[in-house]
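# Breakdown of the fold
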Amino acid sequence: DLASVLRVIKLYRPAEVYNLAAQSFVRASWDEPAHTADVNASGYGTTAEPGRYVTLLDAATGKTNSKIDLGEGSRPHGLKALKEGRLLVTAEGKRELVVLDAGSGKILSRIPTGKDVSHMVTASPDGRRAYVSSLTGVVTVIDLGTGKVVQNVETGKGAEGIDVTPDGRIVGLF
């Protein structure tokens with residue numbers, strides 16, 4: 001329940017929170033596939049109305065600080081917080097990486113990846129590079145200083161999760 005989630009967030013103050021919720025009653029998922037798709041995808045909208053907002057919460061109080069509109073059809077999905085207060089958000093529907101300022105709630109930049117379903121994002125430990133995985137089988141490497149794509153690395157279709165080792169030498173994905 002929401003109260004328990006907020007209590008745990010306040011107590012442990014995590015740097016990141018992931019919602020891995022999904023329809024878990026198999027029979028219902030087969031009987032109501034549209035509802036199941038909506039429940040499983042509600043973090044970035046529904047099949048009828050794709051998401052467009054990133055909501056920033058105060059971790060101590062659980063109250064909304066701001067709600068940032070990324071635009072119609074953007075379908076925000078992957079999120080990575082950087083040390084200096086920037087947030088990296090993948091916008092699957094727009095094929096881009098959006099850089100936000102968490103303090104002001106403003107969009108700082110939009111960086112086209114050019115890849116369908118730009119899905120998850122991570123960053124180098126120094127915050128200079130972003131790595132965006134695409135379900136089409138490419139990791140897009142972005143220089144956050146220039147806002148330009150540096151490289152596209154073929155990885156094979158279906159790569160989703162992505163992270164960087166603490167020393168920044170290895171990018172892992174599955």
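Residues numbered from 1 in each chain as written. Predicted model: local features only at pLDDT ≥ 70, side-chain atom pairs only at ≥ 80, totals over all residues. Heavy atoms only, no water.

## Some remarks on the overall build of the chain
In terms of helices and strands, the chain carries 3 helices and 12 strands. The contacts in the chain between residues at least 6 apart in sequence include a share of 31% that link residues at least 24 apart. When the accessible surface of the chain is totalled, it reaches about 10,600 Å², and 54% of it is carbon and sulfur. (Helix = DSSP H or I, 4+ residues; strand = E, 2+ residues; numbered from the N terminus. Contact = heavy atoms within 4.5 Å. Areas by Shrake-Rupley, 256 points an atom, 1.4 Å probe, with all protein chains shown as cover.)

## What to know about the nonpolar core
Grouped together as the largest cluster of nonpolar side chains are 11 residues: Leu-82, Leu-88, Leu-97, Val-99, Ile-111, Val-121, Ala-123, Ala-130, Val-132, Ile-142 and Leu-144. Breaking this core down by element, the ones donating at least two residues are strand S5 (96-101), strand S7 (118-123) and strand S8 (129-134). Discounting residues that sit within four places of it in the chain, Ala-123 has contacts with Lys-80, Leu-82, Leu-88, Arg-129, Ala-130, Tyr-131 and Val-164. Core analysis: the second largest hydrophobic core is formed by 9 residues, Leu-87, Ala-91, Val-98 and Leu-100 among them. (Core = buried A, V, L, I, M, F, W, Y, C linked by side-chain atoms within 4.5 Å. Buried < 20%, exposed > 50% of the residue type's maximum accessible area, 1.4 Å probe, protein only.)

## Digging into the sheet that holds strand S3 (residues 76-81)
Taken in spatial order, the 4 strands line up as S3-S4-S5-S6 in an open sheet, and their pairing is antiparallel. With one partner strand each, in any of the chains shown, S3 and strand S6 (106-112) form the two edges of the open sheet. When strand polarity is set aside, the average angle formed by the axes of neighbouring strands in this sheet is 25 degrees. Taken together, the 4 bridges between S3 and strand S4 (residues 86-91) define a ladder with antiparallel strand orientation. (Pairing = 2+ DSSP bridges. Axes fitted to C-alpha atoms, helices over the stretch in contact; angles between N-to-C directions.)

## Here we look at the packing of aromatic side chains
Following the criterion strictly, the structure yields 0 aromatic pairs and no others. A cation sits over an aromatic face here: Lys-67 above Tyr-53, 4.5 Å from the ring centre. (Phe/Tyr/Trp six-rings, centres within 6.5 Å; stacked < 30°, edge-to-face > 60°. Lys NZ or Arg CZ within 6 Å of the ring centre and 35° of its normal.)

## Here we look at the pattern of salt bridges
Tallied over the full model, the rule gives 6 salt bridges. Among the salt bridges present, the one from Arg-52 reaches Asp-69, with a minimum N-O distance of 2.9 Å. Pair noted here: Arg-52 is in the loop between helix H3 (33-40) and strand S1 (53-57) and Asp-69 is in strand S2 (residues 64-69), with a separation of 17 residues, a long-range link. By relative accessible area, which is 26% here, Arg-52 ends up partly exposed. (Salt bridge = Lys/Arg side-chain N within 4 Å of Asp/Glu carboxyl O.)

## Things to note about the sheet that holds S7
Think of a sheet as strands paired side by side through backbone hydrogen bonds, with each pair either parallel or antiparallel. With respect to topology, 4 strands assemble into an open sheet ordered S7-S8-S9-S10, the strand pairing being antiparallel. Lying at the two open borders of the sheet, with one neighbouring strand each, are S7 and strand S10 (148-154). Recorded for the sheet is a direction-independent mean angle of 25 degrees between the axes of neighbouring strands. As defined by bridge partners, S8 adjoins strand S9 (residues 138-143) across 6 bridges and the pair is classed as antiparallel. The partner of Ser-133 across the bridge, within S9, is Val-139.

## Remarks on unusual backbone geometry
A positive phi is found at Arg-75, a non-glycine position, where the angle reads about 50 degrees. Inspection of the secondary structure puts Arg-75 in the loop between S2 and S3. On the basis of relative accessible area, Arg-75 is assigned to the partly exposed category, the value being 27%. The phi dihedral of Arg-95 falls on the positive side, at around 55 degrees, and the residue is not glycine. With respect to the helices, strands and loops of the structure, Arg-95 is situated in the loop between S4 and S5.

## Some points on the confidence of the model for the chain
Overall, the prediction assigns the chain a mean pLDDT of 83, with 76% of residues at 70 or greater. Looking over the chain, one finds the lowest element-wise mean pLDDT in H3, namely 57, and the highest in S6, namely 97. (pLDDT = per-residue confidence, 0-100.)

## Things to note about the side chain of Ser-134
Turning to its location among the elements, Ser-134 is positioned in strand S8. A distance of 2.6 Å separates a polar atom in the side chain of Ser-134 from a polar atom in the side chain of Thr-136. Residues contacting Ser-134, with those up to four places away along its chain left out, are Lys-115, Asp-116, Val-117, Ser-118, His-119 and Ala-159. (Polar contact = N/O pair within 3.5 Å; in protein donor to acceptor, adjacent residues only side chain to side chain.)

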